[in-house]
Amino acid sequence: MSAAGRHAGSGMLRAPLLVKEIRTRLRARTVVISGNLYVLALCTVVLLGLLGGGSVGEALGWQIGSSLFKTLTYTQALLMLFVSPLVAASAVTGEVEQKTWDSLRAAPVTPRKIIAAKLSAATGVFLMLIFVSLPVASISFILGGVAPVDLLVVYSYTVFCTLTVGAMGLYWSTRFERSIASIPAATVTAVLVLIVSSPASEMNLRSLAMICPTEFLSATYSDAPVAFFGLECPPWVPALALLAALFACLVIASVTRLADERRRRHALRRAALLVLLALVAVFSAGEQVTADLTEPAARQAVGSIATQLLVVWMAAALWIGSSVPVTLGEPRRGPGRILTAPAGYVLLIFAACAPAVVASLIVCRAGAGLWRSSFLVFAGPAFMSSLTWALLARWLAGNSGSMRRFVGLACASVLALVIVVAPFAVLSAMADASENGEPAAVQFASLLSPLTAIWHSTGAGMYVRNLKAVTGLLGKDGPALATGAIFMASALALLARDIAAGRRPAPRGTGPA
Amino acid sequence: MNAIEVRNLTVRYGNVTAANCVSFSVPEGEIFGLVGPNGAGKTTTLKVLCGILRPDSGTVVVRGADMVTQPDVVKPQVGYMADFFGVYDYLTAREYLEFFGGLYGMREGIGDRILAMLRTVQLEGKVDAFVGTLSRGMKQRLYFARALIHDPDLLILDEPASGLDPRGRAELADTLREVHARGKTIIISSHILSELQDFVTSIGIMEAGRLTAVRSLRGDLGAATRHVLLHLVPADAGAACALLSSLAGVSDVRRARDGLVVCLPDSDEAVAAAVRALVSAGIRVLLPRADADLKEIFMKLTKGELM
């Protein structure tokens, strides 16, 4: 047999995509540098931890070991949150940039296989990075204070979390044409997960907050059980369940994205989003409502569930918003046009707003001041961020539409914003009416019927007075609104420039001959 | 049987229609040249033919299977070479071809097939070299080998000669003839007509997204007539034109910068008779200088040993 013939049974033939991915990734010069930088960062943390532990003097070895392990795991989880998007977010865009994408698409290989291979190869890199941290972590084993089960739980969580964030990166790499756009998008989304899920813990949403590494680790180290579907369970149960659900959604979204690139049907992705929302609602109900609740406590619980929906909506707003560049470019034919037409997008926004509005209604009636203000603090900027993101994404995707479409979208967005904020003013007025001693039956009725709520709000003086209160609350959130406005103005300027230049780049890999 | 049948193919990018109701068919064993200026829609059409793009409307049937609904059946039969291509720099030439062979489900005998392909594109000395270390021309030849690795029945080549030196172009033409001789169908695009004229058997002309003409070069153009440029003293051109027009078999005579272009029956005897008639009438026929062909000089001075 010839020299080449000896290779006929090699891995490249059994799993060509995976082996190619692994070889090309690990042969790149940057992999050595990035791996060493990662280890260096961990070593620095350990060194500082040891020095800090030594200075205490009175601390026992196992205490230092335990503290060191905690510090290391916090650092590693946060590092992976930033490293994994970098690794995964250029998986598909890299092929486009290297001009190898067409050859791959011309071959008989399905999008599912491409995504599986890309994700597996990225997982390989993640596992390598996590594995190389073990020797560093073993310093804490020498000192003691770390149970094997802690190691297993924390490292399993880190792997799951990294995979999910990696899948997020992969998803963004299927959306954009260039890594320069997909990598920041993936990193920002990862940070948002951290930021959005962390306050969830303050709002009786501890199980949801478990997807945030810092929240999970603090819950694990404090041995605090978390309510999940009405059951008390260790933090890793909701964490892994939610991360697995999110991971599945992202993988489905990525495959769908590649499956029909030009038509870009997103029905499946959107359905996955709705499933995720429903899932969260269901487990929230299980978490909050138990049979032995008194009436006020039950009302409080219902308010809590509604708030969870609100938080999920806010988290999902970016995702929904980022559909704009795609939605506007989709062909309108068949029954799918309801979901794919611009009007469909606006409807989707309204539909996404609906739970938030209902949530605010219930929350206000439950008399939860914190939640009410949370809604005001988050909903406006969240929607503005959604729009900003949509515009930026649209610009980055290089898919500018006509001015007419843009104006229509802007008007619809402003209208949606008004619809989100205005009911709150009404509801705020109702809350005041409740405090003024209205009958419980009226309160209960207003819980059930938005129409009743509107009827109650017709007291004009009360409405105006409470509108002022709303304005005052909005004023407290000035910096966030200003930031959103600046981003939005930048996006508008970029879009205007784009439209003025009449630039209309073709979608990925589909440039005219 | 037609190797490929395209019916009313339309592809749009937003408001731009890149391919507009394109219809043509290519019989088995043909070399079909798709020509047209830049931006005519050639690449878009070819991308649809090999399943990279989905058409907005129309059908593409390759050897009886629809590309849109049966890509799994069609894609293994097609070898595609893109105009702007990339290769994986961190794979060796062998691994690169193994990778694509693996994608096409090749297992048995792939090692020998890889060697044969590398020999075909004259890269047998670079089997274990990293692709990133190869020159651009070598990468292009390796890329061509990739398109052939799974022995496709239909080869779709988009501007395959761009970036190749004259020797590379000549060798590419030879390889294409060789592939064609084995009964394969080839669709090749270019905006340089001289690249195609030596070996295509039929031609389609695209402009602004439309296929404006499809002609076979085997019949009326290729076999029946020959265009000959006769170099003459300018003063004799008028008389020569009148004389040649009166000769039997001459279908057209028109003035060119260096003399006259005469459209004659495709035979050496017809050309000799025309020259004989001119000389007999006292019209001087000039012989062009032979040292003007840079391609020949290039081919003579380079032996193709720089592998």
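These numbers were taken from a predicted model, which means no experiment stands behind them.

### Some points on the overall build of chain B
Right, on to step 1. A tally of regular secondary structure across chain B gives 10 helices and 14 strands.
Right, on to step 2. Evaluated residue by residue, chain B yields a buried proportion of 50% over its 307 residues.
Right, on to step 3. Restricting the contact set of chain B to residue pairs at least 6 apart, pairs at least 24 apart contribute 67%.

### Thoughts on the overall build of chain A
Right, on to step 1. Scanning chain A from N- to C-terminus turns up 23 helices and 2 strands.
Right, on to step 2. Sequence separation of at least 24 residues holds for 79% of the intrachain contacts in chain A that already meet a minimum separation of 6.
Right, on to step 3. Entry remark: accessible area of chain A is about 22,000 Å², with carbon and sulfur atoms responsible for 72%.

### Some words on the packing of aromatic side chains
Residue and element names in this part refer to chain B.
Right, on to step 1. Applying the stated rule across the entire model yields 10 aromatic pairs over all chains.
Right, on to step 2. An aromatic cluster of at least three residues, connected via ring pairs, comprises Tyr88, Tyr96, Phe99 and Phe100.
Right, on to step 3. For Arg146, the ring lying beneath its charged end belongs to Phe100, and the centroid distance is 4.9 Å.
Right, on to step 4. Arg146 extends its terminal NZ or CZ atom over the ring of Tyr143, reaching a point 4.5 Å from the ring centre.

### A closer look at the packing of helix H3 (residues 93-103) of chain B against helix H4 (residues 110-120) of chain B
Residues and elements named next belong to chain B.
Right, on to step 1. With their axes 10 Å apart at the nearest point, H3 and H4 run at an angle of 120° to one another. The pairing of H3 with H4 is recorded here as oblique in orientation. Crossing angle aside, the handedness with which H3 passes H4 is right-handed. Packed against H3, whose contacting residues are Ala93, Arg94, Leu97, Glu98, Gly101 and Gly102, the element H4 presents Ile110, Ile114, Met117 and Leu118 at the interface.
Right, on to step 2. Within the contact of H3 with H4, the residues separate by chemical class into 6 nonpolar, 2 polar and 2 charged.

### Some thoughts on the sheet that holds strand S4 (residues 57-62) of chain B
Residue and element names in this part refer to chain B.
Right, on to step 1. Within the open sheet, the 4 strands sit side by side as S2-S1-S4-S5. Their pairing is antiparallel. With partners counted over all chains shown, the strands left at the sheet margins are strand S2 (16-27) and strand S5 (65-66), one partner each.
Right, on to step 2. As judged from the 5 bridges shared by strand S1 (residues 2-13) and S4, these two strands associate in the antiparallel manner. Each bridged residue has a counterpart across the sheet, and for Val6 the counterpart in S4 is Val60.
Right, on to step 3. Relative to the sheet, helix H1 (residues 42-49) contacts S1, S2 and S4, its axis offset from that of S1 by approximately 120°.

### Quick word on the pattern of salt bridges
Residues and elements named next belong to chain B.
Right, on to step 1. Enumeration according to the criterion identifies 16 salt bridges over all chains in this entry.
Right, on to step 2. Put simply, Asp174 and Arg177 hold a salt bridge, and the shortest N to O gap is 3.2 Å. Here Asp174 and its partner Arg177 are both found in helix H6 (residues 166-181), 3 residues apart, which amounts to about one turn of the helix.
Right, on to step 3. Classification of Asp174 as partly exposed rests on a relative accessible area of 46%.

### Digging into the sheet that holds strand S6 (residues 78-81) of chain B
All names here are of chain B.
Right, on to step 1. Strand order in the open sheet formed by 6 strands is S6-S7-S8-S3-S9-S10, with mixed pairing between adjacent strands. If you trace the sheet from one side to the other, it starts and ends with S6 and strand S10 (210-216), each paired once. The sheet shows a mean angle of 15° between the axes of neighbouring strands, direction not considered.
Right, on to step 2. Relative to strand S7 (residues 154-158), S6 is paired through 4 bridges, and the arrangement is parallel. When the bridges of S7 are listed, Tyr80 appears paired with Ile156.
Right, on to step 3. Each of S6 and S7 touches helix H5 (residues 136-148); the most contacted strand, S6, lies at about 165° to it.

### Things to note about a nonpolar patch on the surface
Right, on to step 1. Residues A:Ile22, A:Leu26 and A:Met128 make up a contiguous nonpolar surface patch of roughly 230 Å² in combined accessible area.
Right, on to step 2. As for its position among the elements, A:Met128 is in helix H7 (residues 111-143).

### Concerning the confidence of the model for chain A
All names here are of chain A.
Right, on to step 1. With 42% of its residues at a pLDDT of at least 70, chain A reaches an overall mean of 63.
Right, on to step 2. Note on residues 392-404: pLDDT under 50 across the span, and 33 contacts to partners over four residues away in sequence or across chains.
Right, on to step 3. Within the model, pLDDT remains below 50 along residues 438-484, and this stretch shows 51 contacts once partners closer than five positions in the same chain are excluded.

### Describing the pairing of S1(B)
Residues and elements named next belong to chain B.
Right, on to step 1. Both S1 and S2 contribute to a ladder of 8 bridges, which runs antiparallel. Paired with Asn2 across the two strands is Pro27, which belongs to S2.
Right, on to step 2. Once S1 ends, the chain turns through 2 residues before running back antiparallel as S2, passing Gly14 with a positive phi of about 65°.

### Observations regarding the packing of helix H8 (residues 237-246) of chain B against helix H9 (residues 268-280) of chain B
Residue and element names in this part refer to chain B.
Right, on to step 1. At a closest axis distance of 10 Å, the pairing of H8 and H9 adopts a crossing angle of 135°. Classed by the angle they form, the pair H8 and H9 counts as oblique. The two elements H8 and H9 cross, and the hand of that crossing is right-handed. For the pair formed by H8 and H9, the contact residues are Ala240, Leu243 and Leu244 on the first element and Ala274, Ala277 and Leu278 on the second.

Criteria and thresholds
- Residue indices begin from 1 for each chain and proceed along its sequence in written order.
- Here chains are named by letter from A upward and ligands by number from 1 upward, in the order in which they appear as written.
- Residue-level local features of this predicted model are given only where pLDDT is at least 70; pairs of side-chain atoms are given and counted only at 80 or more, and the full residue set underlies all totals for whole chains, interfaces and linings.
- Side-chain figures throughout are based on the complete set of non-hydrogen atoms in the structure, without hydrogens or water.
- By the criteria applied, helices consist of DSSP H or I runs no shorter than four residues and strands consist of E runs no shorter than two, each listed in order from the N terminus.
- Burial classification: accessible surface area is computed with a 1.4 Å probe over protein chains only, and a residue below 20% of its type maximum counts as buried, one above 50% as exposed, and the rest as partly exposed.
- Note on definitions: a residue-residue contact is assigned when non-hydrogen atoms from the two residues lie within 4.5 Å.
- Accessible surface area values rest on a Shrake-Rupley calculation with a 1.4 Å probe, where residue burial reflects the displayed protein chains alone.
- Note on ring pairs: Phe, Tyr and Trp rings are taken, using the six-membered ring of Trp, and paired if centres are within 6.5 Å. Classes follow the plane angle, with under 30 degrees stacked, over 60 edge-to-face and the rest tilted.
- By definition, being over a ring means that NZ of Lys or CZ of Arg is both within 6 Å of the ring centre and within 35 degrees of the ring normal.
- Note on geometry: axes are C-alpha line fits, over the in-contact stretch for helices, and angles between N-to-C directions span 0 to 180 degrees.
- Should an angle fall under 35 degrees it is called roughly parallel, over 145 degrees roughly antiparallel, and 65 to 115 degrees roughly perpendicular, with every other angle called oblique.
- Here a crossing is taken to be left-handed if its near helix is turned anticlockwise relative to the far helix by less than a right angle, and right-handed if that turn runs clockwise.
- Gly is placed with the polar residues, together with every amino acid not listed as nonpolar (Ala, Val, Leu, Ile, Met, Phe, Trp, Tyr, Cys and Pro) or charged (Asp, Glu, Lys and Arg).
- Here, a strand pair is defined by DSSP locating no fewer than two bridges between the strands.
- Here, a salt bridge means any side-chain nitrogen of Lys or Arg that lies within 4 Å of a carboxyl oxygen of Asp or Glu.
- Patch definition: residues with relative accessible area over 30% and no salt bridge; like charges joined within 9 Å; nonpolar side chains (Val, Leu, Ile, Met, Phe, Trp, Tyr) joined within 5 Å.
- Along the chain, pLDDT gives the predictor's confidence residue by residue, from 0 to 100.

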